[in-house]
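What follows is each chain in one-letter form.
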Amino acid sequence: MSQPIPVQITVVSAQDLKTLKSNLLFTLVRVEYNGAVLGDSSKTHVLPDGTAEYDFSTSFEYSPDGPNSLDVLVQKPVLLTLLEVASKDKKKTEKIAPLAQAVVDLLPLLQGVRSLKVLAPLYAVPASPSAKLYPEATAGLEVIVSTKELLLSATQFSSGNLLSITLEAAYSVPEAFTADAQQNYMACLQMPAAGEKELPLLFKNGILKADGEKEPFPRPKNWPLGPILAPDALNIPDSFIVGGPYEDEDGELNKSEDKEFRTQAESSRRVVWDMETRCFLDADAVAILQRRIAECRHWPVELCRMSSGGKGKTNKPDKKDEDKPIAFHGVAYVNMMHLLCPGVTQIRGAFRVFNYEDSEVFEKTRVQYSIFRDRRSQLSLGKERLGTSPSSKAAPSKAQKEDSNAMQYSEAGTFLVMEIKLDRPLVPKRLREELVQRVKELIPPRPALAPRTEGAKKVVEDYHKRVTSVAVAILREYHELFGKQLLDQGVMDHETMEEQKRQLNYELNTSGKYFAFKEQLKYSVVKIVREKYLKTTAFETKEQLQAFLSELYVYLVDHMHMALNKLLSGEDVSAAPPPNTTRKQLLLFAREAEANKDLKLASLFYNQRIARDQHSIQAWLDYGAFCLLYEDATKAQECFQQAVCLDPQHIQSLLLCGIVCVKLQTYEEAEIFFEDACCLEPSSIIAWTLAGLFYELQNNYIQAERSFREAKKLLRAELEEERRILEAAEAEGKKPSSPSTGPEKIPDGSADKPPEVVEGGTPKEEATAVQEAPEAPEPQPPPRTIFMKSVEFLMKFNAVRFVHKALAHELLSLQGGPTCAYYLALGWTYQLRENLPRWEECLREAVRIEPLNPNVWAQKGHLCYLQKDFDKAKDCYERVISFEEDAADMHFVYLRLGSIYLDEKEYGRAKHIYLLACDNSASCLTWLGVGIACYRLEEMLEAEDALSEANALNNTNAEVWGYLALICLQDSLSGAVLQGGRQLEAEQCYKYTVKLGLQNDALLQEIREAQHRFGFGDPSL
């Protein structure tokens, strides 16, 4: 057993005592601790300035096993009472009256401090003599508390934890509760304490308040001292109950449907404690607390009403009292599992009170005893009695002891509001630095890609160097044969030049230098064929080989001239022109190929976009989204991880890495990414929502609930800020701009993301291929829930599983039923699965909810188009175009409506629609539609111009080449008769049409009929 440690308390002086009472002359100070009076100071004169010097010291002994143990030291402060000493004349004894009280918290003595000096404020005693009291009293006592040695070592304190429990009030209490001075309303729960003991934490002296105003926020917390002379001295300094929205609480009754009940209950009959009690948990107690919470998440908090004893009743518990039924014995079940979430130090909420039944308590908490009933001796209740009626002589059973009045808790809907707070979390949260390091370990930094020495640009430059080197060598040979002064003799005649050329050729051939020069050029030409023309396999026919050699010859000669001109002129040749396509257009081409299920071509375009700028995060994310839906998650993971390598703090990339890890079932890695995203951007609604969805997939419902609650809190703040801006703008008479998707900005490259279109999709047969490629509709109006905000993000990157989870939550959280945005998003998931009937059901509901939403009619048009109901599709598309507001995917609307007009031979209307499409977002397909319509209208000049635009955007579209071949085959163009001058062009266009594999049989047949009719255009004829 350890030796007791004296705790010395020295009252040094007092100040501003005149603010308590202006005619104050003599005072003394009484020091009390844990219900015992430690001593009184001597009578001291109060100086005119309101000060008094006491220099009074007293002490008590701290002992882990004594009455003043560690648990008491943590819970109870030192109580100081200022007493006024007065006498009317010398013959009478002095009159001592309490004037004010102060308290001193001893908690710092457990936190590594051996001496504590404070100025404790004095609070006036209401029952003081009727001398003038100043309400703004500033009096205080200077007190020093010290020990000779530390009460807890640094190791003991750091390995333990300080637990604080605040019981605020019990609301909606039974009508049988009366404001009787003989009744004491109590609550109690047990916690593991130092030395593996069980420490009951008792809350006594609850105050019953009648109907009226709510309790104010913030309001101070009170010491667990019981009634004292100066009630204001019960307030714990700098410790307040601050309240907060019900939705942010951790307990029960925190849903929107509970708000009305909570609001009414807080202004109705209630029992108020506002009391905080504390206990220190050593390392063993902390471990026990963690283990018990893990074993059983619910902890019982008992509630009852006790009667105070009458005169002559001793403090010793009576056996008869223990046998009496417990009045209004109830229990609340506090879910403590929140404290096992990383970084959580506090839970606060409302908890329903139920009738105390042994079987139910054991089932939920695994606790086999009642503190009030079975362990009353540990509570030091004093004169309080458990029972309300005389006991019978026969001792009843435990089940018979329970008061039937407790059933009134359930009938009244009683609930407790309490807070449990730890000094340090039971499960430490990973630090930001640790998360960043873990992400680096998961994604090791990749070295920068070495420049491709075999790239197209590089091989052309190498060819120029080889040509220059060979030219210099040949010039040297010429100078050796004929000298360098020939040019000074004037212009050389043709015969002399031919003779010198013959002699030079003879010399180069006989010496073997010609062969050597040819070999120098040969390798660079081979690289051009492979890298520039992508020719790595044998040609199928001699005609193909001959055509290619002709093209290659022209290219090599042109670049030879460029290299020689640069060599002879000493000037740089003009730089190569920039690429015809931008990264945005490459993305458009990729989505066109994706829509036609040509995944190989789509992947090529995505890779070309990345090759154009390997540091573009959005390019990697777009390719990763493509891989996530169409290829494999492993390649998607590589793309998303590369984006994180480019910017480790890019929230969107981190979230997508977490999503793909879930798909690959590497859940520990996924948690790292989600946690890192929330840590880096704690204000991101989407990050917290996706983290909650992930935790829910892991059946970690407590962590999921906390994540969702954080996201909802951020959304409420966001909506409140929008409302404030709106009101301010209205007050100024200005029209505020409506947000598009809310203030949260997560860069997603949506500005660079073109609508999805169909490759070559002007005829209906080709356009139907787009049913495999979903168009992600943008819900209108902007989402106002955390789940719909997340759905928009998830749909952009094809995270279908998370979309389903988010929509399920959205359905459960909606009060007025599903919204139009919900049905559009749900329909998108059915479109992915090609489940057209279910998609149709969703759109039917969306039309019912928002019949004027252009997005709804656009999607309905797409559905009818894929069902080949072109009449209905045309009606829907025409309705979309008639709206003042455009749909989110107008590109598809224009393309498909134009396709229908072409099929119905309404070429003028088709031309108009395709021109609108070109103005909206030009692509190869939009210009192809214009070209077809103009061709059918016999507007050949406009048709050729439009097809040339289409060819410039994408020269691999076979249908474009086919219509160009038809135009070249015509015997007249704008009234001018062709003299066969376009025969070569017609043949060339036809070659590319066949080479690129035209799938439109009707167009191919039309071309061949024209070739036979005009007698040219097909080299095989």
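Just so you know, the residues in each chain are numbered from 1, in the order the chain's sequence is written. With the structure being a predicted model, the display of local features is reserved for residues of pLDDT at least 70 and the display and counting of side-chain atom pairs for 80 or more, all residues being used for whole-chain, interface and lining totals. The basis for the side-chain values is all heavy atoms of the structure; hydrogens and waters are excluded.

Details of the environment of Cys679
1) Next: Secondary structure counts use DSSP, requiring at least four H or I residues in a row for a helix and at least two E residues in a row for a strand, with both numbered from the N terminus. By the element assignment, Cys679 lies in helix α20 (residues 667–680).
2) Next: We call a residue buried when its accessible area falls under 20% of the maximum for its residue type, exposed when it is over 50%, and partly exposed in between, using a 1.4 Å probe and counting protein chains only. Classification of Cys679 by relative accessible area gives partly exposed; the value is 22%.
3) Next: Separated by 246 residues in the primary sequence, Cys679 and Glu433 have C-alpha atoms spaced 10.0 Å apart.
4) Next: Any two residues whose heavy atoms approach within 4.5 Å are treated as being in contact. Once residues within four sequence positions are removed from consideration, Cys679 is found in contact with Arg432 and Leu435.

So, the pairing of strand β1 (residues 5–15)
1) Next: Across the 11 residues that make up β1, a large majority, eight, are buried.
2) Next: For two strands to pair, DSSP has to find at least two bridges joining them. Two elements, β1 and strand β5 (residues 52–62), share nine bridges in a ladder whose sense is antiparallel. When the bridges of β5 are listed, Ser13 appears paired with Glu53.
3) Next: Of the strand pairs in this sheet, β1 and strand β10 (residues 140–147) are connected by eight bridges, and their pairing is antiparallel. Counted as the bridge partner of Val11 is Val143 from β10.

Quick look at the packing of aromatic side chains
1) Next: Pairs were defined over the aromatic rings of Phe, Tyr and Trp, the Trp ring being its six-membered one, requiring ring centres within 6.5 Å. Orientation was assigned from the angle between planes: stacked under 30 degrees, edge-to-face over 60, tilted for the rest. Under the definition given, this model contains 23 aromatic pairs.
2) Next: Ring plane angle 35 degrees and centroid distance 5.2 Å describe the contact between Phe674 and Phe694, whose orientation is recorded as tilted. A residue pair is termed long-range when its members are at least 10 positions apart, and Phe674 in helix α20 and Phe694 in helix α21 (residues 685–697) qualify at 20 residues. There is no split in this pair, since Phe674 and Phe694 are both buried.
3) Next: Centroid distance Tyr865 to Phe870: 5.2 Å. Interplanar angle 75 degrees. Geometry classified as edge-to-face.
4) Next: According to the relative accessible area criterion, Tyr865 is buried, its value standing at 0%.
5) Next: Phe870 gets classed as buried once you look at its relative accessible area, which sits at 13%.
6) Next: One aromatic cluster is present, formed by Phe177, Tyr185, Phe328 and Tyr409 through successive ring pairs.
7) Next: Ring-over charges, as used throughout, are those where CZ of Arg or NZ of Lys falls within 6 Å of the ring centre and within 35 degrees of the ring normal. The lysine or arginine in question, Lys364, covers the ring of Phe354, its NZ or CZ lying 5.2 Å from the ring centre.

Side note on the sheet that holds β1
1) Next: Across the sheet, four strands lie side by side as β5-β1-β10-β8; this open sheet has antiparallel pairing. Where the open sheet ends on each side, the last strands, each with one partner, are β5 and β8 (115–121). If you compare each strand with its neighbour and ignore which way they point, the axes differ by 20 degrees on average. Interaxial angle, 0 to 180 degrees, is taken between N-to-C directions of lines fitted to C-alpha atoms, where a helix line uses only the stretch in contact.

A look at the pattern of salt bridges
1) Next: One speaks of a salt bridge when a side-chain nitrogen belonging to Lys or Arg is within 4 Å of a carboxyl oxygen belonging to Asp or Glu. Here the structure, examined in full by the defined rule, presents 48 salt bridges.
2) Next: One salt bridge in this structure joins Glu215 and Arg270, with 3.1 Å as the shortest N-O distance. Separated by 55 residues along the polypeptide, Glu215 in the loop between β13 (198–209) and β14 (219–222) and Arg270 in strand β16 (residues 270–281) bring together distant segments of the chain. A single burial state applies to Glu215 and to Arg270, both of which are buried.

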